[in-house]
Amino acid sequence: MKREVIRWLLAALFAAALPAQEVTEAKTTSQEAPGEQAAVVTGEPFMRGVVDIGARWVKDPQGDFQTYRSIVNLGQGARLANMDLNMEPVGFKLFDSMRLSGSNWGGDPFNTLRFNLEKNNIYRFDGTYSNIAYFNYLPSFANTQATGAFFNQRAYDTQIRNIDNELQIFPGTRFTPYVAYTRNTDFGNGITTLVVDRNEFPLRNLIRWGQDTFRGGIRADFGRSHLTVEHGDTQFRDDQQVFSTERLGGNRGGVPFVGQNLFLTDGRQAYAVRGGGRFSKVLFVANPYDWVDLYGQVLYANPKTYPGFFQNTMGNLVDAQQGLLFFGRGFDTLFGDARRPHTSGTFTMELRPHNRIRIREMYETDRIKTDTSALLSTQLLTPTSALSRERGFIDRLEASHTRQTVEALVDVHRRFTIRGGYRYEWGDSVFRGGVLNQFNPQERINLERHVGLAGIQARPWDRLTINVNAEASNGVRTYYRTGLQDYHKIRAQVRYRLTESLNFNGVHVRLDNRNPAEGVDFKFLAQNTSLNLQWLPRGGNRVSILADYTRSAIRSDIDYLQPHILQPAQSLYVDNAHTGSLLADFNLRGSGVVRPKLTLGGSFVTTAGSRPSRYYQPTGRFLLPLTEKVHFYSEWRWFGLAQPFYLFEGFRTHMIMTGLRFNM
Amino acid sequence: MVPSRLISSRAVWLPPLLLFAWAAMPGALFAQEESQFPPGYAGTESCAMCHEDVVENYKKNRHYRLETNEKRGWKDRSCESCHGPGAKHSESAAAEDIRNPLKLKAVDADQGCLSCHRNQPLQIGRLQNGHARSQTPCTSCHNVHETGAKATAVIHQTAAGVNQQCAGCHTDIWASFQKPHRHRLNEGVMKCTDCHNPHGSNLARNIRTVHANEPNCFKCHSDKRGPFVFEHAPVRNQGCSTCHEPHGSSNPRMLTRHEVANQCLECHANLLSPSPAGVAGGVPPAIHDLRQPRWRQCTLCHQKIHGSNVSRGLLR
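None of these values were measured; they are calculated from a predicted model.

## Section: the overall build of chain A
Then, number 1: Along its length, chain A carries three helices and 29 strands.
Then, number 2: For chain A, with 664 residues in total, the buried portion stands at 49%.
Then, number 3: In chain A, the share of contacts with a sequence separation of at least 24, taken over all contacts with a separation of at least 6, comes to 60%.

Right under this line is the structure:
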């Protein structure tokens, strides 16, 4: 299928290129208009670009192959590694420029394709396609003590595909209509759990969902103001299926329940979810006077879902809704309805009363309201009786969040700016309480936060830039135990150009968040310190080096209640990481066009703490120009993952890719 | 006396003849006439006399459209749309007589760009943007004169180009992508701007929106979008980053905790919900015996953790 697509695309490319080339040649010979002459005289090819074709060899990964696939997933064989073609035919009527780029075609788990077509002042088309394999088969995520099929519960082998297309038309400079179409799909297999009250059974899972989005709008530019109006619609469908016809003992591991062994001989679930909903947005920008900018937007979406669900189970199963009922066959049918009007609005303003002072006012609000209902019909058959019941559900969830910020930026000096401000955030959320919550069938939580903002930006001299941004909050209320409450956050960045060829960049980020409230006592600290070096002596003609190193640390400390004994326990999460990467390019000596290039580098991560791991990815690449148009390249990479607490989830492997690069 | 009929017929030809004569006269006769440009402006041709290579490159640049577009108001003097009036500089050739956006303070450089580009939907969230707060000028990411592979328009169309540019400053974020569980940026299939709008957004951290006002996460994960009959409230009122580290993590599924039980129980630990402290998340029933691994992987059973259409307990 992919080869077919490539073939068609290449055919389309050459079909489009042929007349363009003829036109170009015709212009060259006839040399008509002076303007066109100038373009032709440059003698530039009408098509430029690069195509990398090669083959990859992967040494059989040592360690756990499933983990390798979950993290790297590159296979071997012939590949179209990269393609980037740009056509700019002169005088061609249909387009002025066409660009086609893509990567990793021919069996790789990640493919991209991008297509741009443009005719100056007439239209512009942008299309992208991406295909990302989502393979996840990590036992440590499931039941680590189970064996056999249970070992890989919650596993996926799917493909998420995205298609994006947008066409803009330029009938003039004032109005720009546009239409767009986006498609997002996921298709594949997996293993998931069928839960029947006191037991869980791993079943095959066929995943199949997709969403189409259509939107169109118009942008209007009135010189000092601008308006965009857009309207769109989505269509969603989910046809997930879960099934098994094997006899399964479930997750209880053979432990009887009230003297009976629970098992499943036939289990099927079919989801038939349909949805969609319209959305609209209005964007507004104005600059009525030189000293004021106004920005505003009103956004509205109203997604809806109409779920259908059917479940059929056979075996020896238990239902505990009304006492304990062991049944041999059960049927569930559900039909529902959910809708969620979602409104957002933003209004921001920048005033410049003086050329050294800028005052910014921002008001942002976001409101969600979900209303849902469903009817679930259940039939349970035992050898002697049948039980039918119907349950209706009505739920709602509301959430609103508003932020108002005012801040001032003052240029104390041409090279020094200070910033200060205040932000007030508030919100509330209402939703149905948990299953056991007998006191509050409707829970209401609030958010309230006062945040002070500050920052400086200094450029003491042209080579040095210093940026510091800080915010500190005295939170009054937060939604959840781990939410931002009393926190301070700082981000400092220094950029220094020591010489024309040597640049340094340093970043320090720190977030310290605490919630000292009784029963919560949450302490969280995250810090990152990064250093980055870019060295390009003589403009990078011979050597160029990009290197960075990051030291990061996360420490989260909070108590929780162990559900079975309701005793407090500590949840301590620590992640101390060292991360580094290097990319060193060496242009080696040669003669004529034969000037090889060697690239060495890679990356490493070592973490200590709650889930220590070491992940190395060294790489080397060699590029040898054979002719001006054809280069040979070869690349070696090594992947190695080791996790001391999860030794069964480690792997290491070599990978070599070699091929030819065609420059056009 | 000349007949009036004859006069009128000659007069018909007079204006075109005069017009032709005016048009055909040598330009030298009009050398003293006023320039076609407003006062202070020199025109692109004057720039090209000294900066020939720059102007030649510039001709392949998107901005060069201004040079021929009468409606935009910069016809034949498009260099000066960014660099300001250049007549004085063309006479003195002194650097201080021309505006160089790279050497201006950020706000002044940006105002130059925004004078044309403010009126774009991309800029709507400009003031909430961290780049605007930290005075990062447009020229940090956009180079105006470069062409070919170095042109911003070309760099920004490739994932590797965008990622490399962002990583230049956001080194700490790029480090997260070296971790084993991450979004696929290193593979060149995703780029930073797929999720973030560097010009600003109405969501925190410049997260792009999709379907008008929803986080861009739902563009690729539209199965998590809902609405669901039974919602999991944090997904809606606090967002994906409550549980996930979207850039990269040492933990499977990019979770922020090493074990699923810790992830869930850190919130689901209140005897009353909301607790006296006002936070939500009730403790699960006592059957969840954490001594058994079966119960430590909450999503083994609560598989529809992002929201369910069938089960209030998010079981199916």
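## Comments concerning the overall build of chain B
Then, number 1: Along its length, chain B carries 16 helices and six strands.
Then, number 2: Taking as baseline every contact in chain B between residues at least 6 positions apart, the subset at least 24 positions apart corresponds to 44%.
Then, number 3: For chain B, the accessible surface area stands at approximately 15,300 Å², while carbon and sulfur atoms represent 60% of it.

## Section: the interface of chain B and chain A
Then, number 1: Taken together, the contact pairs 116 residues of chain B with 182 residues of chain A.
Then, number 2: Each partner contributes to the roughly 12,900 Å² buried at the junction of chain B and chain A, and carbon and sulfur atoms together form 53% of this total.
Then, number 3: Its largest share of buried area at the contact with chain A, chain B owes to I124(B), L127(B) and R253(B), together 6% of the area lost on that side.
Then, number 4: Seen at the junction of chain B and chain A, the total is 11 salt bridges.

## Overview of the packing of aromatic side chains
All names here are of chain A.
Then, number 1: Counted under the stated rule, the structure contains 21 aromatic pairs over all chains.
Then, number 2: For the pair Y289 and W291, a centre-to-centre distance of 5.4 Å together with 5° between the ring planes defines the contact as stacked.
Then, number 3: One aromatic cluster is present, formed by F65, Y68 and F651 through successive ring pairs.
Then, number 4: Here the basic side chain of R69 rests over the ring of F135, its NZ or CZ set 3.9 Å away from the ring centre.

## Topic: the state of the cysteines
All names here are of chain B.
Then, number 1: According to the stated counting rule, one finds zero disulfides over all chains in the structure shown.
Then, number 2: Of the cysteine sulfurs around C116, a residue in no disulfide, the closest is that of C82, at 7.2 Å.
Then, number 3: C141 forms no disulfide, and the closest cysteine sulfur to it belongs to C166, at a distance of 6.7 Å.

## Here's the deal with the environment of T147(B)
Residue and element names in this part refer to chain B.
Then, number 1: With respect to the helices and strands, T147 occurs in the loop between α8 (130-133) and α9 (152-155).
Then, number 2: Considering only alpha carbons, one finds T147 and Y58, 89 residues apart in sequence, at a separation of 7.4 Å.
Then, number 3: Every residue in contact with T147, bar those within four places of it in the chain, is listed here: N57, K60 and N61.

## Focus: a positive patch on the surface
Then, number 1: A cluster of basic side chains, namely R538(A), R542(A), R589(A) and R595(A), defines a positive patch on the protein surface.
Then, number 2: The topology assignment puts R542(A) in the loop between β23 (522-535) and β24 (543-562).

## Concerning a nonpolar patch on the surface
Then, number 1: Judged by side-chain polarity, F175(A), I218(A), F222(A), L227(A), V229(A), V282(A), F284(A) and V298(A) come together as a nonpolar surface patch covering roughly 620 Å² of accessible area.
Then, number 2: With respect to the element layout, F175(A) can be found in strand β8 (residues 175-196).

## Examining the environment of M362(A)
Then, number 1: Examined against the element boundaries, M362(A) turns out to sit in strand β16 (residues 357-381).
Then, number 2: Residues M362(A) and E407(A) lie 45 residues apart in sequence; the distance between their C-alpha atoms is 8.8 Å.
Then, number 3: Sequence-distant contacts of M362(A), that is, excluding residues within four places in its chain, are made with F347(A), T348(A), R403(A), Q404(A), T405(A), E407(A), L127(B) and Q128(B).

## Quick notes on helix α10 (residues 159-169) of chain B
Then, number 1: Of all the positions in α10(B), only A159(B), G161(B), V162(B), N163(B), A167(B) and C169(B) are classed as buried.
Then, number 2: The elements touched by buried residues of α10(B) are β21 (486-499) and β22 (502-515) of chain A together with α9, α11 (171-176) and α12 (192-195) of chain B.

## Observations concerning the pairing of strand β15 (residues 342-354) of chain A
As a general feature of sheets, a regular strand has side chains that alternate between the two faces.
Residue and element names in this part refer to chain A.
Then, number 1: Pairing of strand β13 (residues 292-319) with β15, which is carried by 10 bridges, proceeds in the antiparallel orientation. Each bridged residue has a counterpart across the sheet, and for Q297 the counterpart in β15 is T346.
Then, number 2: Pairing of β15 with β16, which is carried by 11 bridges, proceeds in the antiparallel orientation. For E350, the partnering residue across the bridge sits in β16 and is R360.
Then, number 3: Between β15 and the antiparallel strand that follows it, β16, lie two residues.

## A look at the pattern of salt bridges
Then, number 1: What the rule picks out here adds up to 61 salt bridges over all chains.
Then, number 2: Its salt-bridge partner being D337(A), residue R339(A) comes within 3.2 Å of it at the nearest N-O pair.
Then, number 3: A salt bridge links E187(B) to R182(B); the shortest N-O distance between them is 2.5 Å. Of the two residues, E187(B) and R182(B), neither departs from the other in class, the shared state being buried.

## Here we look at the side chain of T550(A)
Then, number 1: Looking at the secondary structure, you find T550(A) in strand β24.
Then, number 2: Relative accessible area serves as the criterion here: at 1%, T550(A) is assigned to the buried category.
Then, number 3: For T550(A), the side chain forms a polar contact with the side chain of S530(A), separated by 2.8 Å.
Then, number 4: If sequence neighbours within four positions are ignored, T550(A) has contacts with N528(A), T529(A), S530(A), A577(A), H578(A), T579(A), T171(B), D172(B) and A175(B).

## A word on unusual backbone geometry
Residues and elements named next belong to chain B.
Then, number 1: Cis rather than trans, the peptide bond between G226 and P227 has omega equal to 5°.
Then, number 2: Of note, P227 is situated in the loop between α13 (217-220) and β4 (230-231).
Then, number 3: In this chain, S273 is followed by P274 through a cis amide linkage whose omega measures -5°.
Then, number 4: Among the structural elements, P274 can be located in the loop between α15 (260-265) and α16 (293-296).
Then, number 5: We note that D76 has phi near 65°; this positive angle belongs to a residue other than glycine.
Then, number 6: As for its placement among the helices and strands, D76 is situated in the loop between α4 (65-68) and α5 (79-83).
Then, number 7: Residue D76 is classed as partly exposed on the basis of its relative accessible area of 27%.
Then, number 8: A positive phi angle is found at A93, which is not glycine, with a value near 60°.

## Some remarks on the nonpolar core
Soluble globular proteins: nonpolar side chains tend toward being buried together.
Then, number 1: Ranked by size, the top nonpolar core spans 26 residues in total, and within it V196(A), F201(A), L203(A), L264(A), Y271(A), L317(A) and L334(A) carry the most contacts.
Then, number 2: Among the elements that line this core, the one with the most residues is strand β9 (residues 199-221) of chain A, at four residues.
Then, number 3: Dropping the residues within four chain positions of it, L317(A) is found in contact with V196(A), F201(A), L262(A), F263(A), L264(A), L325(A), F326(A) and F327(A).
Then, number 4: Counting 21 residues, the second largest nonpolar core, distinct from the first, contains V72(A), Y615(A), F651(A) and L185(B).

## Structural notes on the confidence of the model for chain A
Then, number 1: Model confidence for chain A is summarised by a mean pLDDT of 88, while 90% of its residues fall at 70 or above.
Then, number 2: Counting interchain partners and residues more than four positions distant, the pLDDT-below-50 stretch residues 9-42 of chain A has 30 contacts.

## Section: the pairing of strand β14 (residues 325-339) of chain A
Residue and element names in this part refer to chain A.
Then, number 1: As defined by bridge partners, β13 adjoins β14 across 12 bridges and the pair is classed as antiparallel. Pairing of T305 across the sheet is with A338, part of β14.
Then, number 2: The antiparallel pairing of β13 with β14 creates a hairpin that spans five residues between the two strands, and G323 there sits at a positive phi of about 75°.
Then, number 3: Bridge count between β14 and β16: 11 bridges; the pairing is antiparallel. Within the sheet, the bridge partner assigned to A338 lies in β16 and is T372.

About the cut-offs
Each chain has its residues counted from 1, running along the sequence as written. Note on labels: chains are lettered from A, ligands numbered from 1, in written order. Per-residue local features are limited, in this predicted model, to residues with pLDDT of at least 70; the limit for side-chain atom pairs, both in listing and counting, is 80 or more; totals at the level of whole chains, interfaces and linings are taken over all residues. Computation of side-chain values: all heavy atoms of the structure, hydrogens and water removed. Helix and strand assignments come from DSSP, with helices taken as H or I runs of at least 4 residues and strands as E runs of at least 2, each series counted from the N terminus. Three labels apply to residues, based on accessible area from a 1.4 Å probe with only protein chains included: buried if under 20% of the type maximum, exposed if over 50%, partly exposed otherwise in between. Here a residue-residue contact requires only that any non-hydrogen atoms of the pair lie within 4.5 Å. Calculation of accessible area relied on Shrake-Rupley with a 1.4 Å probe; when residues are assessed, cover is drawn exclusively from the protein chains displayed. By buried area we mean how much accessible surface two parts lose on assembly, using a 1.4 Å probe and totalling the loss over both. Throughout this description, the term salt bridge denotes a Lys or Arg side-chain nitrogen within 4 Å of a carboxyl oxygen of Asp or Glu. Between rings of Phe, Tyr and Trp, where Trp is taken as its six-membered ring, a pair exists when centres lie within 6.5 Å; planes separated by under 30 degrees are stacked, by over 60 edge-to-face, and by other angles tilted. Lysine NZ or arginine CZ positioned within 6 Å of the ring centre and within 35 degrees of the ring normal marks a charge as sitting over the ring. Throughout, disulfides are identified as pairs of cysteine sulfur atoms within 2.5 Å of each other. Patches in this entry comprise residues that are over 30% relatively accessible and not in a salt bridge; like charges within 9 Å are linked, as are nonpolar side chains (Val, Leu, Ile, Met, Phe, Trp, Tyr) within 5 Å. Asp and Glu are treated as the negative residues and Lys and Arg as the positive ones, with His and the ends of the chain left uncounted. By convention, the point assigned to a charge is CZ for Arg, NZ for Lys, CD for Glu and CG for Asp. DSSP bridges decide pairing: two strands pair if at least two such bridges lie between them. Residues adjacent in sequence count toward polar contacts only when both atoms are side-chain atoms; beyond that, a polar contact is any pair of N or O atoms within 3.5 Å, and within protein one must be able to donate a hydrogen and the other to accept it. Among the buried residues, those of types Ala, Val, Leu, Ile, Met, Phe, Trp, Tyr and Cys that are joined through side-chain atoms within 4.5 Å form a nonpolar core. Scored from 0 to 100, pLDDT records how confident the predictor is in each individual residue.

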